Amino acid sequence: QQQVKQSPQSLIVQKGGIPIINCAYENTAFDYFPWYQQFPGKGPALLIAIRPDVSEKKEGRFTISFNKSAKQFSLHIMDSQPGDSATYFCAASRGDYKLSFGAGTTVTVRA
Amino acid sequence: GAGVSQSPSNKVTEKGKDVELRCDPISGHTALYWYRQSLGQGLEFLIYFQGNSAPDKSGLPSDRFSAERTGGSVSTLTIQRTQQEDSAVYLCASSLGGVRGEQPQHFGDGTRLSIL
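Residues numbered from 1 in each chain as written. Chains lettered and ligands numbered in written order. Predicted model: local features only at pLDDT ≥ 70, side-chain atom pairs only at ≥ 80, totals over all residues. Heavy atoms only, no water.

> I'd like a description of the pairing of strand E3 (residues 20–25) of chain A, backed by residues and values.
Residues and elements named next belong to chain A. Burial along E3 is one-sided: the face carrying Ile-21, Cys-23 and Tyr-25 is buried and the face carrying Ile-20, Asn-22 and Ala-24 is not. Two strands pair when backbone bridges link them, and strand E1 (residues 4–7) and E3 are joined in this way by four bridges, in the antiparallel orientation. When the bridges of E3 are listed, Ser-7 appears paired with Asn-22. Examined bridge by bridge, E3 and strand E8 (residues 72–77) share five bridges and lie antiparallel to one another. Across the sheet, Ala-24 pairs through a bridge with Gln-72, a residue of E8. (Buried < 20%, exposed > 50% of the residue type's maximum accessible area, 1.4 Å probe, protein only. Helix = DSSP H or I, 4+ residues; strand = E, 2+ residues; numbered from the N terminus. Pairing = 2+ DSSP bridges.)

> Outline the interface of chain B and chain A, supporting the account with residue identities and numerical values.
Counting residues at the interface gives 27 residues for chain B and 21 residues for chain A. Summing the contributions of chain B and of chain A, the shared interface buries around 1,900 Å²; its carbon and sulfur component is 48%. One salt bridge connects Lys-42 of chain A with Asp-109 of chain B, and the closest N-O pair in it is separated by 3.7 Å. Our count for the chain B to chain A interface comes out at seven residue pairs in polar contact (both at pLDDT 80 or more). Those elements giving two or more residues to the side of chain B that touches chain A turn out to be strand E4 (31–37), strand E5 (43–50) and strand E8 (88–95) of chain B. For the side of chain B that touches chain A, a count of residues per class yields 10 nonpolar, 13 polar and four charged. (Contact = heavy atoms within 4.5 Å. Buried area = accessible area lost by both parts, 1.4 Å probe. Salt bridge = Lys/Arg side-chain N within 4 Å of Asp/Glu carboxyl O. Polar contact = N/O pair within 3.5 Å; in protein donor to acceptor, adjacent residues only side chain to side chain. Nonpolar A, V, L, I, M, F, W, Y, C, P; charged D, E, K, R; others polar.)

> I'd like a rundown of the pairing of strand E11 (residues 105–110) of chain A, residues and numbers included.
Residue and element names in this part refer to chain A. In E11, alternate side chains face the same way, and those of Thr-105, Val-107 and Val-109 are buried while those of Thr-106, Thr-108 and Arg-110 on the opposite face are not. Relative to E11, strand E2 (residues 10–14) is paired through five bridges, and the arrangement is parallel. The residue bridging Leu-11 from the neighbouring strand is Val-107, located in E11.

> Please set out the environment of Gly-95 of chain A residue by residue, giving values where relevant.
Residues and elements named next belong to chain A. By secondary structure assignment, the location of Gly-95 is in the loop between strand E9 (86–92) and strand E10 (100–101). Residue classification places Gly-95 among the buried positions, given a relative accessible area of 3%. When the C-alpha positions of Gly-95 and Tyr-32 are compared, they lie 6.3 Å apart, and in sequence the two are 63 residues distant.

As structure tokens, then:
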């Protein structure tokens, strides 16, 4: 039973484009929603996180949008660069507890 | 180093053998997690340690899997009588834990386990 559904599985954009990754969850007890970036052969690295009392959060070129009523959240990568090419995972948890991960999105940014 | 350290980075073993995977969390982190990442898949929770509390073993896929954490620091994940479906990357993460709120989990680079 996958508690966090992520789409698309992969996407390709040109440099400067805005990849958008979407996630949906079922468990209304979730109150912490991080995004992780993973490069081949490396562990996931925390990119940005949001709590449900905030509708949007920006850190550099990365923005999370959160829709509590729809139980959906998304990641936007502004002015994407080839170095942003990686796999991105959304996740959710209840407080400081085990994370439920989406299946991941492989983003390719072409120069 | 300041990050989560896992060893070995790669492990190849024959079906039926036992394996031990090690995780050194970030110093001072009381919470420790093990996850499994199969090829092209998301991360699957295995087990969670928080301080001296009983571990949450709800994600362990079978009784062939076990884990311990000694002295509230280093953790070892043991897989007995390995099967080919155990082939995956095993990731360890740690966090400050114990306080409700944003306590980001920091991941190691994992152990890539291959069962022949």
